[in-house]
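Geometric and topological summary
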Amino acid sequence: MATAEAPAAVRRSPRRRRLLRLQEAPILALLFLCAALSIFTTVGIVVVLVEEAVGFFREVSIVEFLTETRWTPLFVEKHFGVLPLLSATFLISALALAVAVPVGLGAAIYLSEYASPRVRAVLKPALEVLAGIPTVVYGYFAITFIAPEVLQRLLGQQTLFSALSAALAMSVLLLPLVSSLSEDAMRAVPGSLREAGYALGSNRFEVAVRVVLPAALSGIVAAVVLAMARAVGETMIVTIAAGNVPNLSWNPLEAMQALPAYIVQVSLGDTPAGSLEYKTIFAVGLALFACTLGLNVAAQWLLSRFREVYE
Amino acid sequence: MTTATARGQEWRRRLLLRNVAGVAAGVLLRLAAAAGIAALVLLLVVVARDGLDRLSWDFITSYPSRIASRAGIRSALLGSLWVVGLTGVLAVPVGIGAAIYLEEFAPRNWLTRLIETNINNLAGVPSIVYGLLGLALFVRAMDLGRTVLAGALTLSLVVLPIVIVSAREGLRAVPYSIREASLALGATPWQTVWHQVLPAALGPMMTGVILALSRAIGETAPLITVGALLFVPFDPRGPLDSFTVLPIQIFNWISRPQPAFHQAAAAGIIVLLAVLLGMNAVAIAIRYWSERRRQW
């Protein structure tokens, strides 16, 4: 009986399997939609930002936006020069990177070339904890410790808010980003290159700086660029610690307002949709999006180049 | 002769210099690695110094108040639970679905590459830009208003790239032989994924999901843009209520000049960090448990 039934079951099975596959088509379509949602998100971001920004640029010329040196959209006498916000964003990011890159790179070299596996297993996750701390906490740290107890005491900073205070808090946030990604890049360098360096009589530091660092350079540069993108888009630290005064100045001890901080400032008030103030945050958001997108694309291009070398 | 000795002396001098430089650099590199840890410790000490005295059961169960000593985080904590819970409900199935598609079914073509590149780029978009999208799309165009749902939809988009990337890593860790065995026994591709691959990848995927949600708990900027309120003296009871979240409550207290509110902010930060610590502990426990249970 069983042997007589088996061929029938086998004969039936291809049709049954085709049927099953047919039933699976909707599931596959659903999964594809989940993945395609990311495309819709990007399209949505671009459409929303451009649409509102176009509305803004109908009322304010792009030339004024890019060359005027005053940003006072919330005052009676309105000026729409984005330069003070842009300069503050870049000053704060540059200062934060000036601290985070050397320290982060040093930590990466230590973790990759010096530390024993046991030390590394503890130190690396501990550093990465810093990246998981919410950014309001860094803002708090800046205005209750960095500004009053370091900058006001040692550097004679006048106000509680300053670009430098925000930058220092941000550098702590960026540190693990730089060190983690740079370390990954350095560990991907084949051991044979190091051994060649040692065989020629180099000491550990010379191997790290003259052999490993150049070989991992594109990955390290990508890490720095990613950190830069993060710094430019970081919102709460600059909102809390840098003050909210648009200020075209290169003095890091002064209060200033960065691009994202302006968006927060307007969002906190109750700005009616369609008003010029409402549109300004989208124009500012578009500037922000363009900056970070450029940096991210550059970083990914560097990373893909770097992968080609050793895989 | 004399030139040879001179050269030897020069060589020894340089070797000494190189060795000194090597030792000095070793010290500096250790200091660099220690700097991050020192910053972490300093941060925690400052927060504990300011906030520990203020922390009490009353602080957790009271509503915010204009009087600093009476202010609490009840509505903010409940708001955070609502928003992050709903974010998980929205983002996790979609993120895992996208990961399954990309890892198990996607053909290698331009569309797949476009989606992958796009997800990488989305991971780098500042969260405040998502806030602007949420404001225009969910709050205005879909007319959800400044509600828990609008906030959760926005945060879902923020964490989606993280969920997708970590879920893909979990799927990739499942050996290919398991899929081949299942297909060889006559299972269809979806049966293979559903009955074999997903259960095997569950542990690492859960870890990634928890890490993504802990990112959502700390997010402030996009929710401010979407219009979370600063002062909420009531409990949010559903997806269509207005809300605030813990980081925004903390931000509100930080922005006030009175030191008493700063203490409340520090106490709020302690609660926030404790929640994050708890979530990370769960993630680590799941990773440990799934690695022990792993059968390959």
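Residues numbered from 1 in each chain as written. Chains lettered and ligands numbered in written order. Predicted model: local features only at pLDDT ≥ 70, side-chain atom pairs only at ≥ 80, totals over all residues.

**Topic: the overall build of chain B**
On a plain count of helices and strands, chain B comes out with 11 helices and 0 strands. Going from N to C terminus, chain B has its helices and strands arranged as α-α-α-α-α-α-α-α-α-α-α. Its C-alpha atoms give chain B a radius of gyration of 26 Å, clearly above 19 Å, the size a compact globule of 296 residues would have. Principal axes of the C-alpha set define a box for chain B whose edges measure 90 × 70 × 40 Å. The buried share of chain B, reckoned over its 296 residues, is 46%. Long-range contacts, defined as pairs at least 24 residues apart, comprise 75% of the intrachain contacts of chain B with a sequence gap of at least 6. (Helix = DSSP H or I, 4+ residues; strand = E, 2+ residues; numbered from the N terminus. Rg over C-alpha atoms; globule rule 2.2 N^0.38 Å. Buried ≥ 20, exposed ≤ 12 C-beta atoms within 10 Å, placed from the backbone. Contact = placed C-beta atoms within 7 Å.)

**A look at the overall build of chain A**
On a plain count of helices and strands, chain A comes out with 12 helices and 0 strands. Relative to a compact globule of 311 residues, whose C-alpha radius of gyration would be 19 Å, chain A shows 26 Å and is clearly more extended. Viewed in the frame of its principal axes, chain A has a C-alpha envelope of about 95 × 65 × 35 Å. Put simply, chain A has 311 residues, and 49% of those count as buried.

**Focus on helix α10 (residues 246-254) of chain B**
Working note: α-helix, 3.6 residues per turn, so residues spaced by three or four point in the same direction. Along α10 of chain B, 9 of the 9 residues are buried, which leaves the element largely enclosed by surrounding structure. Of the positions making up α10 of chain B, those classed as buried are Leu246, Pro247, Ile248, Gln249, Ile250, Phe251, Asn252, Trp253 and Ile254 of chain B. Contact partners of the buried residues in α10 of chain B: α5 (135-154) and α10 (236-241) of chain A together with α3 (74-105), α8 (189-218), α9 (221-226) and α11 (259-293) of chain B.

**Remarks on the packing of α5 of chain A against α11 of chain B**
The relative placement of two packed helices comes down to the angle between their axes together with the axis-to-axis distance. The N-to-C vectors of α5 of chain A and α11 of chain B enclose an angle of 145 degrees; their axes lie 11 Å apart at closest approach. Classified by chirality, the crossing of α11 of chain B by α5 of chain A is left-handed. Judged by residue contacts, Val137, Tyr140 and Thr144 of chain A of α5 of chain A engage His262, Ala265, Ala266 and Ile269 of chain B from α11 of chain B. Here the residues of the contact of α5 of chain A with α11 of chain B are counted per class, giving 5 nonpolar, 2 polar and no charged. (Axes fitted to C-alpha atoms, helices over the stretch in contact; angles between N-to-C directions. Left-handed = near helix turned anticlockwise from the far one by under 90°. Nonpolar A, V, L, I, M, F, W, Y, C, P; charged D, E, K, R; others polar.)

**Describing the interface of chain A and chain B**
Of the residues lining the interface, 72 residues belong to chain A; the matching set on chain B comes to 62 residues. Looking at the side of chain A that touches chain B residue by residue, the class counts come to 49 nonpolar, 17 polar and 6 charged.

**A closer look at α11 of chain B**
The end-to-end C-alpha separation of α11 of chain B is 51 Å, in line with the 51 Å expected for 35 residues at 1.5 Å each. Among the residues of α11 of chain B, His262, Gln263, Ala264, Ala265, Ala266, Ala267, Gly268, Ile269, Ile270, Val271, Leu272 and Leu273 of chain B are the ones counted as buried. (Expected span 1.5 Å × (residues − 1).)

**Considerations on the environment of arginine 187 of chain A**
Residues and elements named next belong to chain A. The residue arginine 187 is located in helix α6 (residues 163-187) in this model. Overall, the presence of 16 C-beta atoms within 10 Å leaves arginine 187 in the partly exposed class. Along the chain, arginine 187 and alanine 199 lie 12 residues apart, while their C-alpha atoms are 19 Å from each other.

**Considerations on the confidence of the model for chain A**
Residues and elements named next belong to chain A. Here chain A shows a mean pLDDT of 87. Residues at 70 or above account for 92%. Averaged over each element, pLDDT in chain A is lowest for helix α1 (residues 2-59) (79) and highest for helix α3 (residues 83-114) (94). Segment residues 1-11: pLDDT under 50, and 0 contacts once partners within four positions in sequence are set aside and those in other chains are kept. (pLDDT = per-residue confidence, 0-100.)

**Some remarks on unusual backbone geometry**
For aspartate 143 of chain B, which is not glycine, the phi dihedral falls at a positive 60 degrees. Summarising the element assignment, aspartate 143 of chain B is placed in the loop between α5 (127-141) and α6 (148-172).

**A look at the environment of glycine 233 of chain A**
Tracing the sequence through the fold places glycine 233 of chain A in helix α9 (residues 217-233). Considered as a pair, glycine 233 of chain A and leucine 288 of chain A are 55 residues apart in the sequence and their alpha carbons are 6.8 Å apart. With residues near it in sequence (within four places) discarded, glycine 233 of chain A still touches Pro260, Leu288 and Thr292 of chain A together with Pro126 and Ile128 of chain B.

**A word on the packing of α6 of chain B against α8 of chain B**
Residues and elements named next belong to chain B. Two elements in contact, α6 and α8, have axes separated by 8 Å at closest approach and are oriented at 150 degrees. It follows that α6 is roughly antiparallel to α8 by the angle criterion. As α6 packs across α8, the resulting crossing turns out to be right-handed. Each of Leu155, Val158, Val159, Ile162, Val163, Ser166, Ala167, Glu169, Gly170 and Leu171 in α6 lies in contact with α8, whose residues at this interface are Val197, Ala201, Pro204, Met205, Gly208, Val209, Leu211, Ala212, Arg215 and Ala216. Taken together, the residues of the contact of α6 with α8 sort by class into 15 nonpolar, 3 polar and 2 charged. (Parallel < 35°, antiparallel > 145°, perpendicular 65-115°, else oblique.)

**Re the confidence of the model for chain B**
Residue and element names in this part refer to chain B. Mean pLDDT over chain B: 90, with 99% of residues reaching 70 or higher. Within chain B, α3 carries the highest mean pLDDT (94), whereas helix α2 (residues 57-61) carries the lowest (86). Confidence estimates for the predicted assembly give a pTM of 0.89 and an ipTM of 0.90.

**Comments concerning the environment of threonine 154 of chain B**
All names here are of chain B. Here threonine 154 is to be found in helix α6. Classification of threonine 154 as buried rests on a count of 26 C-beta atoms within 10 Å. Threonine 154 has contacts with Tyr130, Gly131, Gly134, Phe138, Pro222 and Val226, leaving out every residue within four places of it along the chain.

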